[in-house]
Every structure is written in C-alpha cells, then in structure tokens.
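# Tertiary structure, described
Letter by letter, the chains look like this.
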Amino acid sequence: MCVIGAGSSGIAACQVLAERGIDYDCFELGSDVGGNWRYMNDSGQSSAYRSLHINTSRRTMQYASFPMSDDYPVYPGHAQIARYFDAFVEHFGLRPSISFRTEVVDVCPRGDQWSVTTRHRDTESSTSQTYDAVLVANGHHWKPRWPQPELPGAAAFRGTRTHAHDYRTPEPFTGKRVLVLGIGNSACDIAVETSRVSQRTFLAMRRGAHILPKYLFGTPTDHLTNSWLARAPLGIQDRGLQLLLRLSRGRLADYGLPTPAHRVLAAHPTISDDLLSRLGHGDIGVKPAPRSMDETRVHFDDGSSEEIDAIIHCTGYDVSFPFLKSELIDPSDNDPGLYHRVVAPDLPGLYFIGLVQPLGAIMPLAEAQSHWVADLLEGRCELPGQARMLKEISAYRARTARRYVASTRHTIQVDARAYLRELAKERRRTAVRRRPAAPPS
C-alpha cells in the first residue's frame, strides 16, 4: 500500500496498517512528521503560526491508540503537538517506513493497481512503483483560497496582502493599520495578535459567527460532547448550547459583532477566549464585508472606509490533489464526492484519510477511517455497489446543506461523535462472514 503524507492523518494510517501487518510505503514532502502542526515545516505547506494552540482539548484530539501525556496542558501548543506526533511515530516504530523529502507527483490507475511516481526534493531523482491501494492523506489546509472575483480596485492597492497560511508572527504589522478578513479561528487569533502591535486592527466579515470560549464554567467546552446534551436531538443541543453561551458570554452585539443569522451548530465553530476581551477594550474594530479598494483605502458594505496598510486574508483553503488528474477526482468547490468521506466510488483502491472538517478533532477520525480501510484491504469488509455509494454521497450532501450555512467550508463537515458511529456501523454492516476453518482430518 502507499500512504501519501505523514501529517496527523498519514501517521494514523501508517500505525493501523503496521498493526495489521499490511505492507506499505509512506511518502512525506517535508523532513519530519507532523504536517500542519510542524511550525516552519520545510514542506512549505504548514500554516501554523508561532502562537498556535489547539482549539480542541487534548482528550478530544488524542489518538485512541496513544493517549497524550497527562503532563500536557488541556490545550497544548504546536510544539507540544509536534512532540506528541514524534513520540507516536517512535512508539510504533513507523519512521523507517516513511520516505522524507519525497514528493508524490503522479498517481494513476494501472489495471487493478495504482502507479505512483515520486521525486526526491534534494536529488530530483524520480521513481515509479506499483501499489494495490493508495491512501491519500495530504491534508486540506495548505492551498490558500483567495477571493474570487477580486474586489474592484484590488490591483491598485499599494499596501501588502497576505493569506493566513503565510502568517507567522505579529511583528511585521507593528505600527500599521491592519485589516483581517474572516471570522474563523485563524482570523480571530490573528486579529487579536496584530491588535497588540498595530496602530489599528479591523476585523471584517460577510456574516456573523458564534464565538465559543475554550472553557464553559470551568470545563473545556468540547467536553460537552460527552455530556447528556450531546445525546439529545440536534435542536435541543443547539438551544442548550445557545443558552450556555448567553449565560457565560452575553450577547455578541454588546461586543460590536453582528448577531449570527444561523444556529450555533449550523457552522463550524469559531473558538476564542481573547477576541471578545479585545473587542470590549476597543482594541479591534469590526467591519462588514469590504466592497472595493483603492490605492490606500478599503471601502465597506456599510458605506464606511478606512485607510489600510496591510490586509490578511483568512479566507480558508481549497482541497487539492496535485498528483491526481482532475478526470479521476474533481475537488472543485471542495466536494470530491466520497463514500463516507473516504472511498472514491468508481476508483477501486483509492482512499482518502482525514479529508473531513469535524466538529471535534481530525486525529481520532483519521484513525477510525484507517481501521475501516484496513478492514477493506484485508477482506474483512466489503464495499456496496456503486449505486448505493452514490446514494449515500447524495444523502450526505443533502443532509449537510440542510444543517450548515452554505459555504465551501462545510462541504466536508462532519460531527465527530456521529461520524465515528457512522463508520462503526458501516464496518459492522459490511463485515464479511468467514467460514470456520475445517477441522484437521
């Protein structure tokens, strides 16, 4: 088997395959494991900034097969997470199976197998090998999404424009007038950080968002996923969480933020303990979506305008598989169309690990996905016919459209607890009954 990527999802796949005794090769673009969580990763694809900490607690994020140390804080920083991944790889002896500094440049079907071409980044030497299956774990937070179409006047703007993917520290924005576009987790973190050194920081957004704290009444907020509230119907979950937020945080309008038009659980959560405090202190200005730009100013939908020196686009990422031709997999609109978010229905032997945006953490989900794929590879489970797989994909799209705000951010959205149950049910439903071995004569 071939595993593409040694980030948090790729090493989960490696561990499961190794545990099952399934032979595999893993190819990693950078010099070490950890992917997005390796700060200043020489793969060039990490979007981690210096102050980055996880937004889910360590208990929610950890692999089932390798819990995090109790010495870790509840919300570890990127350096601690990278050390955790190092320890995971060493504990299971996975490092020898990973080819570092190796880029996968082409994956194409060859009969019932897959041809994988790689190129070493230092020697430029290329190699092609044939595999029975390919597990794609190249991540989905590395290709920046820029506004399309561009705002009128963008070409004339004389300030700097960067994407959150390239943000590392606030110092380059010292004394500047900064505009942060977006209201997701990165946007909030970056607005808070730059506001401490900038002349002025503005946070602009197209729509309101519910801001969740990392703690509710002294308990990590994501621990609610194991409470009675998480087992209630979705409507009750939503109303219950809305009440808890109102009691602990008050109204967002009191901080100058627009009131969200959607339910709490109808969008990927924005988690920040610092944003509301900085807004309350007047250190960040709130703006609606920008409408146009000129050489020095940005004009907003409410008719106001501000002189701006630097714009930071926190506008998300595009799903991309540069080694797969678009006629094989089309990830446009961030919707590749996968059975249970893993299986390409018409491409036997091609699987995707960690290609989800969870209410929760990716790591346990990637681990569970890898176990299902290992079952398929070993013949313990079997896939249904293509028609049934396409029906499930269609049902998922319809269900997602009903629940979540229309956005490319939500095309691969899953609820972690429900999704784990979904995978477990699929493994039971399609389990292959094995005949008992005949007794020796």
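Let us look at the structure shown here. Please read all numbers here as calculations on a predicted model, not as lab measurements. (Residues numbered from 1 in each chain as written. Predicted model: local features only at pLDDT ≥ 70, side-chain atom pairs only at ≥ 80, totals over all residues. Heavy atoms only, no water.)

Remark: the centre distance and the inter-plane angle together describe each pair of aromatic rings, the angle taken between the planes. Counted under the stated rule, the structure contains 13 aromatic pairs. Ring pairing ties together the aromatic residues Tyr63, Phe66, Tyr84, Phe85, Phe88 and Phe92, which thus form one cluster. Its guanidinium or amino end placed over the ring of tyrosine 75, lysine 214 lies 4.9 Å from that ring's centre, counting from NZ or CZ. A cation over an aromatic ring shows up here: arginine 341 above the ring of tyrosine 396, its NZ or CZ 3.6 Å from the ring centre. (Phe/Tyr/Trp six-rings, centres within 6.5 Å; stacked < 30°, edge-to-face > 60°. Lys NZ or Arg CZ within 6 Å of the ring centre and 35° of its normal.)

The sheet built from 5 strands is open, its strands ordered 8-19-9-10-15 with parallel pairing. On the outer flanks of this sheet lie strand 8 (160–163) and strand 15 (284–288), each paired with one strand and no other. Neighbouring strand axes in the sheet, compared pairwise and without regard to direction, differ in orientation by 20° on average. Along the sheet, helix 4 (residues 185–195) makes contact with strand 9 (177–181), strand 10 (200–205), strand 15 and strand 19 (310–313), crossing strand 9 at roughly 170°. (Pairing = 2+ DSSP bridges. Helix = DSSP H or I, 4+ residues; strand = E, 2+ residues; numbered from the N terminus. Axes fitted to C-alpha atoms, helices over the stretch in contact; angles between N-to-C directions. Contact = heavy atoms within 4.5 Å.)

Counting residues in each nonpolar core, the largest one holds 82 residues, and the members touching the most others are Phe85, Val180, Leu203 and Leu275. For this core, the element with the most residues is helix 7 (residues 362–378), which contributes 9 residues. Leave out the neighbours within four places in its chain, and leucine 203 touches Val180, Gly182, Ile183, Ala187, Ala191, Leu275, Ile284, Gly285, Val286 and Lys287. Judged by nonpolar contacts, the second largest core, of 23 residues, contains Tyr131, Leu350, Leu355 and Ile412. (Core = buried A, V, L, I, M, F, W, Y, C linked by side-chain atoms within 4.5 Å. Buried < 20%, exposed > 50% of the residue type's maximum accessible area, 1.4 Å probe, protein only.)

As a further point, take the side chain of threonine 56. The residue threonine 56 is located in the loop between strand 2 (25–27) and helix 2 (58–61) in this model. Beyond its immediate stretch of four places on either side in the chain, threonine 56 contacts Met61, Tyr75, Asp222, Gly360 and Ala361.

With that settled, consider the sheet that holds strand 18 (residues 305–307). As summarised here, the arrangement of the 3 strands in space is 16-17-18, forming an open sheet in which the pairing is antiparallel. In this open sheet, the two strands that pair with only one neighbour each are strand 16 (290–293) and strand 18. Adjacent strand axes in the sheet meet at a mean angle of 25° when their direction is disregarded. Where strand 17 (residues 297–300) meets strand 18, 3 bridges bridge the pair, whose relative direction is antiparallel. Directly across from histidine 299, in strand 18, lies its bridge partner serine 305.

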